[in-house]
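# Structural description and commentary
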Amino acid sequence: MPTIKTQALTHIYSSGTPFKSVAISNVNVEIAQGEFVGLIGHTGSGKSTFVQHLNGLLEPSSGSVLLDGVDINSSKRLKAQARFSVGLVFQYPEYQLFEETVYKDIAFGPKNMKLGKQEIDERVREAAGFVGLPESVFERSPLELSGGQKRRVAIAGVIAMRPSVLVLDEPTAGLDPDGCRSILKNITDYRDATGATIILVSHSMEDVARIADRLIVFHGGSVAMDGTPGEVFSRTEELGRIGLGIPLATELALRLRELGTQVPASCYTVSQLYDAIISLRGGASC
Amino acid sequence: MLKDITLGQYFPGNSLIHRLDPRSKILAVLIYIVALFLAKNALSYALLAAALLVCVAISRVKPAALFKGLKPLLFIVVFTALLNLFYIRTGEVLFSWWKLVITVDGVQTAIFMVLRIVLLVSSTFMLTYTTAPMALTDGLESLLSPLKAFHAPVHEFAMMMSIAMRFIPTLVEEADKIMNAQKARGADFENGRLTERAKALLPLLIPLFVSAFRRADELAVAMESRCYHGGEGRTRLKQLKMAACDWLFLLLSSALVVGVILLKRVTL
Ligand SMILES: Nc1ncnc2c1ncn2[C@@H]1O[C@H](COP(=O)(O)OP(=O)(O)O)[C@@H](O)[C@H]1O
Ligand SMILES: [Mg+2]
């Protein structure tokens, strides 16, 4: 049974006013338990709008969102449940921090779930561990941390609810390359440890291609492509037309293949490509 | 949901009314309000209502938008109507029961008062619906500029107002975002007792204030790095200019006042 299924999902902002805009239209997507999905699209293609439907923050203008086969908008109770089972980390989540201490901020979600003190403590420590926050920052104010650390606190605040689906909206936006890499590593670690479904939103191919099992490409409010990274990247021209590039290493690999070299097309990073080329030469390193 | 606030909202358009100089629109509204307070009989109210309807029609502002703006005032309107209806005891008695007496004068005054409030509010709404906020503050600054002679900080006041207006939508959007982010962590802004709901606002208000201060700081730096130093000697990209139709518009508005004064003598 798929964890998440959307049927003809459409959302229109400010409908009935001169400012009305159709953000997504007729989106049909099925995401199974445990999948790692990368959601890619140009700015304004409707990614954020789409993911806010998954935990019931936005209500569809038409169509429906099914979680384990039930429409989450059919009752208040189901919607509240979806809030906790689908954890959503917003874009620039550090702007939502508000508590006096890091510990209290991470505990905000679990506290809203009405868990016991013991349980909350356990979850806060576990979540902080997943994002690599040392216990020494627990008693500091979240506002005085560095940008990267603030973001970790915000992500931990959602992970602490132990959602079975974790959705992250551009979690690496505005971070330096090191910060990017380590946050993406935290996310894969979390997936490996818990088996949660992950939906990672990004406008950059380089980020998600390496770690996602499946890519869904949004364009102009609807799904333009849906498949494994290999399948999606083989449509380079089409991707170019909708303003998305493929990772440089992949492009190089594809060109080499055109020239008759046997490198696999599934190279997404320079080091993967390097290894592939080395192994082609019989493992002899130079 | 927060976006539904209409107060001072601008509906972009390109009608004759939209294109008028903001100063003539501000003055026309003031003149219209004077006319409203001079109006004493049915004919003059009819004249004023007709004038406003013509403006609404020309501007192509949807009447529904005006009604939406009036909705928050429903209570005051009803309250005023009832007060006048029951407290005025002069004139022919139409209906009386126990201590309640309704007279012809009461009914008439109630209708006039309701009309007065509705027309007053609608005319100011028409001003903000058809004038971009920036044009409105420019117009105000220009109209108030004689006060500069008395060292009133007119330019600073107008600048503050335009910045405030510019940032209302930004802050509303930001509040919406933060609210959603906290809801995603299970925050509940809608249920619970009053004290609980007030407390539930903290996760919204604290980040909102933090970001408002951050924005203010960034804006100040950005303005200073572009050499902003107040209004002295500053010129404008868009000069306000009164055109023939602006003077005509003001003339017509003034004609309304004269019309209302003349109509005072007419008795039906
Ligand atoms: N709160 C909103 N009100 C009105 N329009 C919006 C709002 N949020 C997004 N939109 C519009 O919906 C479209 C999709 O936006 P979004 O979902 O944020 O795209 P993405 O996350 O892919 O950049 C854009 O055209 C955007 O202008
Ligand atoms: Mg987005």
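Look up: the structure comes first, before these words.
Quick summary incoming for the structure in this document.

Reading the values: rules and limits
- Residues numbered from 1 in each chain as written.
- Chains lettered and ligands numbered in written order.
- Predicted model: local features only at pLDDT ≥ 70, side-chain atom pairs only at ≥ 80, totals over all residues.
- Heavy atoms only, no water.
- Axes fitted to C-alpha atoms, helices over the stretch in contact; angles between N-to-C directions.
- Helix = DSSP H or I, 4+ residues; strand = E, 2+ residues; numbered from the N terminus.
- Left-handed = near helix turned anticlockwise from the far one by under 90°.
- Contact = heavy atoms within 4.5 Å.
- Nonpolar A, V, L, I, M, F, W, Y, C, P; charged D, E, K, R; others polar.
- Near = heavy atom within 4 Å.
- Polar contact = N/O pair within 3.5 Å; in protein donor to acceptor, adjacent residues only side chain to side chain.
- Areas by Shrake-Rupley, 256 points an atom, 1.4 Å probe, with all protein chains shown as cover.
- Salt bridge = Lys/Arg side-chain N within 4 Å of Asp/Glu carboxyl O.
- Buried area = accessible area lost by both parts, 1.4 Å probe.
- Buried < 20%, exposed > 50% of the residue type's maximum accessible area, 1.4 Å probe, protein only.
- Pairing = 2+ DSSP bridges.
- Phe/Tyr/Trp six-rings, centres within 6.5 Å; stacked < 30°, edge-to-face > 60°.
- Core = buried A, V, L, I, M, F, W, Y, C linked by side-chain atoms within 4.5 Å.

## Details of the packing of helix α3 (residues 102–112) of chain A against helix α5 (residues 147–159) of chain A
Residues and elements named next belong to chain A. As a packed pair, α3 and α5 sit with axes 6 Å apart at the nearest point and diverge in direction by 35 degrees. The two elements α3 and α5 cross, and the hand of that crossing is right-handed. The residues of α5 that touch α3, namely those facing V102, D105 and I106, are V153, A156 and G157. Partitioning the contact of α3 with α5 into residue classes produces four nonpolar, one polar and one charged.

## Section: the site of ligand 1
If you check the shell around ligand 1, you find twelve residues, and the closest are G44, G46, K47, S48 and T49 of chain A. The site occupied by ligand 1 is bordered by residues of chains A and B. At a separation of 3.1 Å, an oxygen atom of ligand 1 approaches a polar backbone atom of G46 of chain A. Taking 550 Å² as the accessible area of ligand 1 by itself, protein coverage stands at 65%. Elements with a minimum of two residues in the shell around ligand 1: β2 (21–32) and α1 (47–54) of chain A. Its residues assigned to classes, the shell around ligand 1 comprises two nonpolar, eight polar and two charged.

## With respect to the pattern of salt bridges
Residue and element names in this part refer to chain A. Following the criterion strictly, the structure yields 25 salt bridges over all chains and no others. Note that E100 is salt-bridged to K104, the shortest N-O span being 3.1 Å. In this structure, a network of salt bridges that share partners links the residues E119, E122, R123, E126 and R162.

## Details of the side chain of S44 of chain B
For S44 of chain B, the location among the structural elements is in helix α3 (residues 42–59). Non-local contacts of S44 of chain B, meaning those with residues more than four positions away in its chain, are made with A39, V260 and L263 of chain B.

## A word on the interface of chain B and chain A
Residue-level contacts link 20 residues of chain B with 22 residues of chain A. Summed over both sides, the interface between chain B and chain A buries roughly 1800 Å², with carbon and sulfur atoms accounting for 62% of that surface. Counting the surface chain B buries against chain A, the share from its top three residues, N180, A184 and R185 of chain B, is 37%. Connecting chain B to chain A are one salt bridge. Here D105 of chain A and R185 of chain B are joined by a salt bridge, their closest N and O atoms 3.0 Å apart. Here chain B and chain A share four residue pairs in polar contact (both at pLDDT 80 or more) between them. When its residues are assigned to classes, the side of chain B that touches chain A shows twelve nonpolar, five polar and three charged.

## Looking at the pairing of strand β7 (residues 165–169) of chain A
Residue and element names in this part refer to chain A. Counting buried positions along β7 gives five out of five residues, so the element sits mostly inside the fold. Side-chain alternation along β7 places V165, V167 and D169 on one buried face and L166 and L168 on a second face that is also buried. Looking at chain direction, strand β6 (residues 86–89) and β7 are connected through four bridges and run parallel. Each bridged residue has a counterpart across the sheet, and for L88 the counterpart in β7 is V167.

## Thoughts on the packing of aromatic side chains
A complete count under the given rule lists ten aromatic pairs over all chains for this structure. Relative to Y268 of chain A, the ring of F233 of chain A has its centre 5.5 Å away and its plane inclined at 70 degrees; by these criteria the two rings are edge-to-face. Of this pair, F233 of chain A sits in helix α8 (residues 229–233) while Y268 of chain A sits in the loop between α10 (248–258) and α11 (270–280), and the two are 35 residues apart along the sequence. The burial state of F233 of chain A is the same as that of Y268 of chain A; both residues are buried. Taken together, the ring pairs in this structure connect F11, F125 and Y129 of chain B into an aromatic cluster.

## A closer look at the nonpolar core
All names here are of chain A. Counting residues in hydrophobic clusters, the biggest one holds 53 residues, and the most contacted among them are I106, F233 and L239. Beyond its immediate sequence surroundings of up to four residues, L239 is in contact with M205, V217, M225, V232, F233, L244 and I246. Formed by 27 residues, the second largest nonpolar core is a distinct cluster that contains V51, V86, I199 and I216.

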